[in-house]
2 protein chains.
Amino acid sequence: MKQFKAEIISIGDEVLAGYTVNTNATFISQKLLSIGLPVQWVTTISDQHNEIMQALESAARRADAVLVTGGLGPTPDDLTKKAICDYFKVGMRQDAETLENVLHFLKARGIKPTDLNQAQALIPACDMVIPNRVGTAPCLVFERNGRHFFFMPGVPGEMKQMVSDHILDYLKEQLSLTPVHTILLRTTGIPESRLYEKLKPILEGFPEIQTAFLPRYIGVDIRFKLISDDPKKITRLKELETRIRSEAKKYIITDQPIELEQVLGDLLHKKELSLSVAESFTGGLISDLLTNIPGSSDYLMAGLVTYSNASKVNLLGVSEKTLEQFGAVSRETALEMVRGVQKRIGTDCAISTTGIAGPGGATDVKPVGLCYVAARFRDKEIVKEFHFGTERLINKKRGAVAGLELLRRLILEQ
Amino acid sequence: MKQFKAEIISIGDEVLAGYTVNTNATFISQKLLSIGLPVQWVTTISDQHNEIMQALESAARRADAVLVTGGLGPTPDDLTKKAICDYFKVGMRQDAETLENVLHFLKARGIKPTDLNQAQALIPACDMVIPNRVGTAPCLVFERNGRHFFFMPGVPGEMKQMVSDHILDYLKEQLSLTPVHTILLRTTGIPESRLYEKLKPILEGFPEIQTAFLPRYIGVDIRFKLISDDPKKITRLKELETRIRSEAKKYIITDQPIELEQVLGDLLHKKELSLSVAESFTGGLISDLLTNIPGSSDYLMAGLVTYSNASKVNLLGVSEKTLEQFGAVSRETALEMVRGVQKRIGTDCAISTTGIAGPGGATDVKPVGLCYVAARFRDKEIVKEFHFGTERLINKKRGAVAGLELLRRLILEQ
């Protein structure tokens, strides 16, 4: 079985200057890997004839598929277009479909076409054109000696649509790639090492399946991969998934590439439950994350960021005695906060956080990173103590995820 | 004046697989550009002998400085180390300073050294070693025919410290680079095109100074750059800065690479003012941004995310009549929210937002993206109507920045 290889060339001075991070290459790498075509080289160059020629020559020696992004501007004297013509020894031609697409695009926006727009349809005489559904510059496709070249605009939205809707299928067919089966199990609330120890006995029984543990600040992703069209092996992959799901049930939040706030939001929506939040440690991050999800106004009634002691007392009804006796950063305060906000706003569920996010604020007995998180679902409640690190922003993230996850488990009674 | 060029080689399978975005290259590009050494090529390859050799050969033909990140693991049979030895035709040697650094690093963490740690001090016989102050693997430096090669670990924190504390100065000296003078003026509240029109007459008088307008979702950065050691030209740069500052005074929030929440936080801290926030449209993002700044508990007393109408009435005292007559998304509601939160929490300043973040929620008369933002400073108040776009997350960002900026200007009476 031949291992095909791909290569990415990014043309763009903004990337070289460090103004833009090359997320285009990240996207393409992920997508190509998902069809069993690993990227071996990524090259970023400036929009200069000599550089483009040199990069294409090197790539053509190494890769079966070469994906180029950027450099395709609207002007006819475009350097990339010229380099493409020279490299493939072709001339320019007027492309009817591209012209139609440009005119259609302008018309939809009420813009009158100019000579420059006509010039946009003047493209190197490639073997195939993939139209641009969200912009004007099309994708140019060449094939030479069984190697496939794709020239796309650098605008992420346009490039992504071309890759997802056309190029992946095209390459699967042209290179007769073996199907890749991937499974994602997204976990939270358990460190990578403990999760690995827990699952190791199962994993050892499936050596033919590639397994990766990918830690994130807010949890660990488990990824399984199988490159095969053998039905027996595919059945084995499903068997592995079933066993892992059963063993790590408590920690698996989703098998989709979505975040916990979406998982919890979907659960609240499905069960028609309302939520309120009282945040000190996380400073509004939980509300912010929840309201990133469209439709969150259906279940999130209110969030109170009670940073001062006075606001904890006045808005949430935390007792001054509790604050005096145990301090604002305490199990007791976290509990009074979550009870207070649930009662005050009148919701089915509630979350609260209190702690020392850092870098300042530590005392002799309470270090930076100490955090109490509580959740309530009707009259069931839970409070947990956490010891995070010293980095404020990461602490906030971890505290927010802890709050969302405590509530999720409480609702599901896990 | 010779234009020196740099090149970056990133070694790392995680980047090629699309699991990690190559932000190391972004950082290095920015830093090198700041000393007048533009990066011309960025290449990402996997940790394989042949790939590394090939990438080094190509880079050495093109660049005066080659910065390599990643691939330097702790094991002695490391592929990158082997390739380095082969490329430079040198052997391995035990480095006393590196060994001392590794032992010191372990001791500080209470870890007992193993044979593997001894092996970490076995490095290719390079011309110079830059010690690692935050980890174990050092930076290896080679010079061949006036070209400089740096091999660094891929851990961002370690790489950054090496570049900032050593490599920049080293390259400035070795290549006798002409000094680069850069000025950043960060603006908000004015679109790029209007800002450009406003400043064009001034800019035209300084053709020798490179100017760039860099739009962000939340404002426009103006960057000036001058590569020169001529005192007359440097005086001209200062003159340009003074004139632009005066013309765009209202919009310039800082000349540092910091965000608006930090600028406003510093202002509140300096003037000893307290703040409360009432958010609907921005869903907690303003509180979240403010509490990202260490010490924000000094001025942020509370933030109320009043997503439901009931919470607007009960927590902020917005009148039911206002909600009925004008709707939750209205100038009137925004004003009652900002007045309510200021009074309720008892703060010097307050911000409020209400609107339709999308994608749902639009009515016949109120489209997605409509947003009202209000600010109060003591008894002065302002409310503004905005028409943002259709993307929820970008809308939240723009609404948050609008709120922070309205208050900043109100305090400064601009």
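Residues numbered from 1 in each chain as written. Chains lettered and ligands numbered in written order. Predicted model: local features only at pLDDT ≥ 70, side-chain atom pairs only at ≥ 80, totals over all residues.

1. With respect to the interface of chain B and chain A
Chain B puts 48 residues into the contact, and the matching count from chain A is 48 residues. Of the residues assigned to the side of chain B that touches chain A, the class counts are 24 nonpolar, 22 polar and 2 charged. The pairing of strand 2 (residues 39-45) of chain A with strand 2 (residues 39-45) of chain B spans 5 bridges and is antiparallel. Residue pairing across strands places tryptophan 41 of chain A opposite isoleucine 45 of chain B, the latter belonging to strand 2 of chain B. (Contact = placed C-beta atoms within 7 Å. Nonpolar A, V, L, I, M, F, W, Y, C, P; charged D, E, K, R; others polar. Pairing = 2+ DSSP bridges. Helix = DSSP H or I, 4+ residues; strand = E, 2+ residues; numbered from the N terminus.)

2. Observations concerning the nonpolar core
Within soluble globular proteins, side chains that are nonpolar tend to cluster in buried spots. Formed by 100 residues in total, the largest nonpolar core has its most connected members in Val338 and Val341 of chain A together with Val338 and Val341 of chain B. Those residues in contact with valine 341 of chain B that sit more than four places away from it in its chain are Ser276, Val277, Ala278, Leu304, Leu316, Ala350 and Ser352 of chain B. If you look at the next biggest cluster of nonpolar residues, it comprises 88 residues, including Ala25 of chain A together with Ala63, Leu67 and Ala83 of chain B. (Core = buried A, V, L, I, M, F, W, Y, C linked by C-beta atoms within 7 Å. Buried ≥ 20, exposed ≤ 12 C-beta atoms within 10 Å, placed from the backbone.)

3. Some words on the environment of glutamate 259 of chain A
When you line up the elements, glutamate 259 of chain A lands in the loop between strand 12 (252-254) and helix 10 (260-271). Sequence separation of glutamate 259 of chain A and glutamate 97 of chain A is 162 residues, and the distance between their C-alpha atoms is 40 Å.

4. Overview of the domain arrangement of chain A
Looking at the assigned domains, one finds that chain A contains domain 1 (6-174), domain 2 (180-254) and domain 3 (260-412). Using C-alpha coordinates to define each centre, domain 1 of chain A is positioned 36 Å away from domain 2 of chain A. (Domains from an automatic or database assignment.)

5. Remarks on the packing of helix 10 of chain A against helix 15 (residues 392-412) of chain A
Residues and elements named next belong to chain A. Running from N to C, helix 10 and helix 15 cross one another at 30°; their axes reach a closest spacing of 10 Å. As far as their axial angle goes, helix 15 and helix 10 are roughly parallel. When the axes of helix 10 and helix 15 are compared, the crossing they make is left-handed. Within the contact between the two elements, helix 10 uses Leu260, Glu261, Val263, Leu264 and Leu267 and helix 15 uses Val401, Leu404, Glu405, Leu407, Arg408 and Ile411. Split into classes, the residues belonging to the contact of helix 10 with helix 15 amount to 8 nonpolar, no polar and 3 charged. (Axes fitted to C-alpha atoms, helices over the stretch in contact; angles between N-to-C directions. Parallel < 35°, antiparallel > 145°, perpendicular 65-115°, else oblique. Left-handed = near helix turned anticlockwise from the far one by under 90°.)

6. A word on the environment of serine 276 of chain A
Residue and element names in this part refer to chain A. Following the sequence through the fold, serine 276 ends up in strand 13 (residues 275-279). Considered as a pair, serine 276 and serine 352 are 76 residues apart in the sequence and their alpha carbons are 8.9 Å apart. Discounting chain neighbours no more than four positions away, the residues touching serine 276 are Met301, Ala302, Gly303, Val341, Gln342, Ile345, Thr347 and Ala350.

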